[in-house]
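What follows is the residue order along each chain.
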Amino acid sequence: MASAGSSHDRGSLEEPRGPQGTASGPDRPERRRAFVARGLTKVYGKGEVAVHALRGVDLELFEGELAVLLGPSGSGKSTLVNIMGGLDLPTAGQVFFHDLELTAFDERALTAYRRENVGFVFQFYNLVPSLTARENVALITDIARDPLPAEEALALVGLAERLDHFPAELSGGEQQRVAVARAIAKRPEVLLCDEPTGALDSKTGVLVLEAIERVNRELGTTTAMITHNAAIADMADRVISLADGRIAGVRENATKSPARALAW
Ligand SMILES: Nc1ncnc2c1ncn2[C@@H]1O[C@H](COP(=O)(O)OP(=O)(O)OP(=O)(O)O)[C@@H](O)[C@H]1O
Ligand SMILES: [Mg+2]
């Protein structure tokens, strides 16, 4: 284990570092980090039109946790999650996934990282309209190494009865649950969700959140979910608030609300 405070412990994630470095304490066993981000900045554009989307973000995500990233529009949530998911690179700073430094990866290595480790769920479901629910999921399971059968992934999100329905025959919430099944069918270590309920009403959104909650609990998938809906934060292990490109606070929920108890 690297010694705390060493300036040569680049890549070692065993010791707490930085402002949120409270991975262990007397009352709780050490939690293993899936991600560590240090000093992340992201600037879009140059000169007078430059937009500072991230202004020095230090963050960790722990293995198996369900973290909610909360913040107003434009606070940098999607930018941060896209960088963790290997969809984008920061202007400066480092991101580690375990001992892999994503920020040192080239395009090819990032693509392999995404393919092997990350499931994404976005606000809009992006299902292939000409394929059934089962076929949409099988698109992924056909090329994954040790996938869940498509039927099992769809059962996990409560759609065992909808396998042969086309997207147009499914409600918005059901389509989003197909998207969750598709994202997790390759058994990714990480699930990144960007406003997964953004297009849904409360009742339908809760069913999607229950699916995400179940994946997190039953598969142990490290999950980060973006929302600007504060009610959703109650189902998280930790709530990471962003404001103006910075971490504005990190809070731990002493007790999590089950997704089914949420409403907005
Ligand atoms: N490709 C881009 N080019 C230029 N500016 C961008 C780009 N992507 C994001 N931005 C800007 O960076 C800032 C942060 O954007 P980001 O999408 O991360 O915010 P967000 O918190 O996800 O917001 P929302 O809740 O609206 O999705 C915003 O001011 C946005 O306009
Ligand atoms: Mg966003």
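Residues numbered from 1 in each chain as written. Chains lettered and ligands numbered in written order. Predicted model: local features only at pLDDT ≥ 70, side-chain atom pairs only at ≥ 80, totals over all residues.

Scanning the protein chain from N- to C-terminus turns up six helices and ten strands. Every one of the 264 residues in the protein chain was classed for burial, and the buried ones make up 41%. (Helix = DSSP H or I, 4+ residues; strand = E, 2+ residues; numbered from the N terminus. Buried ≥ 20, exposed ≤ 12 C-beta atoms within 10 Å, placed from the backbone.)

The subject of this paragraph is the packing of helix H3 (residues 133–141) against helix H5 (residues 172–184). Between H3 and H5, whose axes approach to 8 Å, the crossing angle comes to 25°. By the angle between their axes, H3 is roughly parallel relative to H5. Pair H3 / H5 crosses with right-handed handedness. Across from Ala133, Asn136, Val137 and Ile140 in H3, the residues of H5 making contact are Val178, Ala181 and Arg182. (Axes fitted to C-alpha atoms, helices over the stretch in contact; angles between N-to-C directions. Parallel < 35°, antiparallel > 145°, perpendicular 65-115°, else oblique. Left-handed = near helix turned anticlockwise from the far one by under 90°. Contact = placed C-beta atoms within 7 Å.)

Our focus in this paragraph is H3. Within H3, burial applies to Ala133, Arg134, Asn136, Val137, Ile140 and Thr141. Taken around the axis of H3, the buried residues stretch over an arc of 165°, which confines them to a single face. For H3, the elements touching its buried residues are helix H4 (150–156) and H5. (Arc of directions from axis to C-beta.)

Right, let's talk about the site of ligand 1 for a bit. What surrounds ligand 1 is a group of 13 residues, the closest being Tyr44, Ala53, Ser73, Ser78 and Thr79. Residues that form the shell around ligand 1 fall into these classes: three nonpolar, nine polar and one charged. (Near = placed C-beta within 6 Å. Nonpolar A, V, L, I, M, F, W, Y, C, P; charged D, E, K, R; others polar.)

A word on the packing of H5 against helix H6 (residues 202–219). Relative to each other, H5 and H6 sit at 20°, their axes nearing to 8 Å. When the axis of H5 is compared with that of H6, the two are roughly parallel. Seen along the crossing, H5 lies across H6 with a hand that is right-handed. On H6, the residues touching Gly172, Gly173, Gln176, Arg177, Val180 and Ile184 of H5 are Thr204, Gly205, Leu207, Val208, Ala211, Ile212, Val215 and Leu219. Broken down by class, the residue content of the contact of H5 with H6 amounts to eight nonpolar, five polar and one charged.

The four strands are arranged S2-S1-S4-S5 in an open sheet whose pairing can be described as antiparallel. Every other strand in the sheet has two partners, leaving strand S2 (51–62) and strand S5 (100–101) as the edge strands with one partner each. In the sheet, strand S4 (residues 92–97) pairs with S5 via two bridges, with the strands oriented antiparallel. If you follow Phe97 over to S5, its bridge partner there is Leu100. Docked against the sheet, helix H1 (residues 77–84) engages strand S1 (33–44), S2 and S4, running at close to 55° with respect to S2. (Pairing = 2+ DSSP bridges.)

What follows deals with the nonpolar core. One finds Phe35, Val68, Leu69, Val137, Ala153, Val180 and Ala181 to be the most contacted residues of the largest nonpolar core, which totals 68 residues. Top element by residues in this core is H6. It accounts for seven residues. Not counting residues up to four positions away in its chain, the partners in contact with Ala181 are Val137, Ala153, Leu154, Leu156, Val157 and Leu159. (Core = buried A, V, L, I, M, F, W, Y, C linked by C-beta atoms within 7 Å.)

Looking at the protein chain as a whole, its pLDDT mean stands at 91, while 89% of the residues score no less than 70. Of the regions scoring below 50 in pLDDT, residues 1–22 engages in 26 contacts with residues more than four places distant in sequence or in other chains. (pLDDT = per-residue confidence, 0-100.)

Bringing the sheet that holds strand S8 (residues 222–227) into the picture now. On the basis of which strands lie adjacent, the open sheet formed by six strands has the order S6-S7-S8-S3-S9-S10 and mixed pairing. What marks the edges here is a single partner per strand, and that holds for strand S6 (118–121) and strand S10 (246–252). Ignoring which end each strand starts from, the neighbouring axes of this sheet average 15° apart. Across six bridges, the pairing between strand S9 (residues 238–243) and S10 is antiparallel. Paired with Ile240 across the two strands is Val250, which belongs to S10.

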